[in-house]
Amino acid sequence: MGPHPAVAAIRLAVRHVLHDIISEHSRGAEAMAAAAAPVGNARAHGRTERPPAPLVLVACSGGADSMALASALAFEAPRLGVRAGGITVDHGLQPGSGLRADEVVLRLRELGLTPAESIAVTVGREGGPEAAARDARYAALDAAAVRHGAAAILLGHTRDDQAETVLLGLARGSGIRSLSGMAAVSGADGRYRRPFLRLDRQTARKACMVQSLPVWDDPHNADPAYTRSRLRHEGLPALEKALGKGVVEALARTAQLSRDDADALDAWASQAEASVRDATGLLECAKLYALPPAVRRRILRRAAIEAGAPAGSLFARHIEEVDRLITGWRGQGAINLPGKVVAQRQGGRLVIRQG
């Protein structure tokens, strides 16, 4: 008799991601060996050294999604010759958070994951509590990946999380990239992998239950003070009541379709950018005007970021104001952007620089 369907589903999702990581790791190791090998070495005589097994870490909060992910990684990794470890981040935002982090580390070790460690972080205030906690968490995970030489870090975001992310992007009105939600692969060199984006939250919880895995339900996830919590417990249920079941699946499909479109437009903008700059590198307004708005605004956004505007603080309204220097020129003055960046039109050229 095989495993429970929920357990089989999470293991299969992790297995697919591990196969990708193994293939990428092998190609990278072979490329490095070929570049470093002198002519006439052992490799040239048909003898190759097997690259060391990659290390894959799971980011685990102790909740159902990440515990299910940790259990699937612990099961699949040794069967595929992959080393597996786990990291939990202690945000220090609740009483007893350090003790809970220690409990998560103990559970990770009981699953056979090593290294398994807890990292305490200090959460700032910039961007609000949710964004600040996320920034601190990813900074800690990045540092852990470098310290341990990890090939990848697995994250337990589910299809439900994806649906929530799409709705939050829609509420911000910040364009198709925001509607594309979370990528299955993201971060520096594709460090972060999300195996569960096609699985619902209930599957992960069921997998924990049938495996008798203890889980911790973060009270912040039910706190109406947090936007995502309100969306999860009030917004999505209201949408499903009004529109019927299937809203989560439809939003997740929207994310993938939007990501495909956004990637194509980004590629178009990259190719078009050189053609709209003059010999000195300045953007020519007439040539920008001839481009489709979606392509033109991507070029403007990239130029603003290159000039020093923080990407996380650069919103659609900022780019729309800069775009009016191209499409609605009435002699208006300079546009002030985040990061003390200024955009202004001068003699048919668009100048974006530190003010």
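Just so it is clear, the structure is predicted and the values come from calculations on it, not from any experiment.

Student: Pulling in residues and values, what's your account of the overall build of the chain?
Tutor: Within the chain, the regular secondary structure consists of 12 helices and 10 strands. Referenced to the eigenvectors of the C-alpha coordinate spread, the extents of the chain come out at roughly 70 × 70 × 40 Å. Taking all 355 residues of the chain together, the buried fraction comes to 43%. In the chain, the share of contacts with a sequence separation of at least 24, taken over all contacts with a separation of at least 6, comes to 68%. Accessible surface for the chain amounts to roughly 18700 Å². Of this, 55% is attributable to carbon and sulfur atoms. Across the chain, the 46 positively charged side chains and the 37 negatively charged ones have centroids separated by 3 Å.

Student: Give a description of the sheet that holds strand β10 (residues 349–354) that names residues and reports values.
Tutor: Taken together, 4 strands build an open sheet; the order of strands is β7-β10-β9-β8 and the sheet is antiparallel. Single-partner strands in this sheet number two, and they are β7 (283–284) and β8 (335–337). The pairing of β7 with β10 spans 2 bridges and is classified as antiparallel. Bridge assignment links leucine 283 to a residue of β10, and that residue is leucine 350. Strand contacts of helix α11 (residues 293–307): β7, β8, β9 (341–346) and β10, with the helix running at about 35 degrees to β10, the strand carrying the most contacts.

Student: Go over the pattern of salt bridges, please, and point to the residues and values.
Tutor: This model, assessed by the stated rule, comprises 25 salt bridges. Where glutamate 164 meets arginine 232, a salt bridge forms, and the shortest distance between an N and an O atom there is 2.9 Å. Residue glutamate 164 is located in helix α5 (residues 159–172), and its partner arginine 232 is located in helix α8 (residues 227–243); the two are separated by 68 residues in the primary sequence. Among the ionic pairs, glutamate 284 bridges to arginine 349, the shortest N-O distance being 3.9 Å. Here glutamate 284, found in strand β7, pairs with arginine 349, found in strand β10; they are 65 residues apart in sequence, far enough to count as distant. One network of salt bridges, with partners in common, ties together Asp161, Glu164, Arg201, Arg228 and Arg232.

Student: Describe in detail the environment of cysteine 60, supporting the description with residues and values.
Tutor: Mapped onto the elements, cysteine 60 comes out in the loop between β1 (55–59) and α2 (64–76). Residue cysteine 60 is classed as buried on the basis of its relative accessible area of 2%. With near-sequence residues (within four places) excluded, cysteine 60 lies in contact with Ser66, Met67, Ile87, Thr88, Val104 and Leu108.

Student: Mind laying out the sheet that holds strand β4 (residues 152–154), listing which residues take part and the relevant values?
Tutor: Strand order in the open sheet formed by 6 strands is β3-β2-β1-β4-β6-β5, with mixed pairing between adjacent strands. The sheet is open, and its two borders are formed by β3 (116–120) and β5 (185–186), each paired with just one other strand. Here 5 bridges tie strand β2 (residues 83–90) to β3, and the two strands are oriented parallel to one another. Bridged to glycine 86 within β3 is alanine 116. Lying over the sheet, α2 contacts β1, β2 and β4, oriented at roughly 160 degrees with respect to β1. Helix α4 (residues 129–148) contacts β1, β2, β3, β4 and β6 (192–193) of the sheet and is inclined by roughly 140 degrees relative to β3.

Student: Got a sec to walk through the packing of aromatic side chains? Specific residues and values, please.
Tutor: Within the structure shown, the criterion is met by 1 aromatic pair. Measuring from ring centre to ring centre gives 5.1 Å for tyrosine 138 and tyrosine 192, while their planes differ by 90 degrees; the resulting arrangement is edge-to-face. Note that tyrosine 138 is positioned in helix α4 and tyrosine 192 in strand β6, a separation of 54 residues in sequence. For the pair tyrosine 138 and tyrosine 192, one class covers both residues: buried. The cationic tip of arginine 11 hangs over the ring face of phenylalanine 75; the distance from NZ or CZ to the ring centre is 3.5 Å. Over the ring of phenylalanine 75 we find arginine 79; its NZ or CZ atom is 3.6 Å from the centre of that ring.

Student: I'd love a proper account of the layout of surface pockets, names of residues and values included.
Tutor: By volume, the second largest pocket amounts to about 570 Å³. Lining the second largest pocket we find 23 residues, and of these Ala184, Arg194, Leu197, Arg198 and Gln256 sit closest to its centre. Of all the secondary structure elements, the ones that give two or more residues to the lining of the second largest pocket are α1 (5–36), α5 and α9 (247–273). The leading source of residues in the lining of the second largest pocket is α9, at 6 residues. Classifying every residue of the lining of the second largest pocket by side-chain character gives 11 nonpolar, 4 polar and 8 charged.

Student: Describe in detail α1, supporting the description with residues and values.
Tutor: Given 3.6 residues per helical turn, the α-helix brings residues three or four places apart onto the same face. Along its 32 residues, α1 runs 46 Å from first to last C-alpha, staying within 8% of the 46 Å computed at 1.5 Å per residue. Inspection of α1 places Ala6, Val7, Ile10, Arg11, Ala13, Val14, Val17, Leu18 and Ile21 among the buried residues, and these make up the whole buried set. Along its buried surface, α1 packs onto β1, α2, β4, β6 and α7 (201–210).

Student: An account of the pairing of β2 is requested, with residue identities and associated values reported.
Tutor: Burial of β2 is extensive: 7 of the 8 residues sit out of reach of the surface. Sheet topology note: the β1/β2 ladder contains 5 bridges and is parallel. Within β2, the residue paired with leucine 57 across the bridge is glycine 85. Once you follow β2 into helix α3 (residues 97–110) and on to β3, the crossover reads as right-handed.

Student: Can you break down the side chain of arginine 159 residue by residue, with the values?
Tutor: Turning to its location among the elements, arginine 159 is positioned in helix α5. When neighbours within four sequence positions are excluded, arginine 159 is seen to be in contact with Phe196, Leu197, Arg198, Leu199, Asp200, Val248, Glu249 and Ala252.

Cut-offs used in this document
- Along each chain, the written sequence defines residue order, and numbers are assigned to residues from 1.
- Per-residue local features of the predicted model are confined to residues with pLDDT of at least 70, and side-chain atom pairs are confined, for both listing and counting, to 80 or more; whole-chain, interface and lining totals are unaffected and use all residues.
- Computation of side-chain values covers all heavy atoms of the structure but excludes hydrogens and water.
- Only DSSP runs of H or I with at least four residues qualify as helices, and only runs of E with at least two residues qualify as strands; both kinds are numbered from the N terminus onward.
- Exposed residues in this analysis have more than 50% of their type's maximum accessible area, buried residues have under 20%, and partly exposed residues fall in between, with area computed by a 1.4 Å probe over protein chains only.
- Contacts: residue pairs with any heavy atoms within 4.5 Å of one another.
- Reported accessibility uses the Shrake-Rupley method at a 1.4 Å probe radius. Residues are deemed covered only where the shown protein chains occlude them.
- The convention is simple: Lys and Arg are positive, Asp and Glu are negative, and His and the chain ends are not counted.
- Lysine's charge is taken at NZ, arginine's at CZ, aspartate's at CG and glutamate's at CD.
- Here the rule is simple: two strands pair whenever DSSP picks up at least two bridges between them.
- To obtain each axis, a line is fitted to C-alpha atoms, and for helices this fit is confined to the stretch in contact; angles are then taken between N-to-C directions over 0 to 180 degrees.
- Salt bridge, as used here: a side-chain nitrogen of Lys or Arg that lies within 4 Å of a carboxyl oxygen of Asp or Glu.
- Each pair of aromatic rings taken from Phe, Tyr and Trp, with Trp reduced to its six-membered ring, is defined by centres within 6.5 Å and is described as stacked if the planes are under 30 degrees apart, edge-to-face if over 60, and tilted in the remaining cases.
- Cation placement over rings: the criterion is NZ of Lys or CZ of Arg within 6 Å of the ring centroid and within 35° of the ring normal.
- Cavity means a closed set of points on a 1 Å grid over the protein atoms alone, one where a 1.4 Å probe fits but cannot get out, pocket means an open set with protein on both sides within 12 Å along at least 5 of 7 lines, and lining means a residue has an atom within 4 Å of a point.
- Grid points are joined across faces, edges and corners, and a volume is the space filled by probe spheres set on the points.
- Gly counts as polar in this scheme, as do all residues outside two lists: the nonpolar Ala, Val, Leu, Ile, Met, Phe, Trp, Tyr, Cys and Pro, and the charged Asp, Glu, Lys and Arg.
- Expected span of a helix: the number of residues minus one, times 1.5 Å.
- Looking down the strands as they point away from you, a crossover is right-handed if its path from the first strand over the helix to the second goes clockwise.

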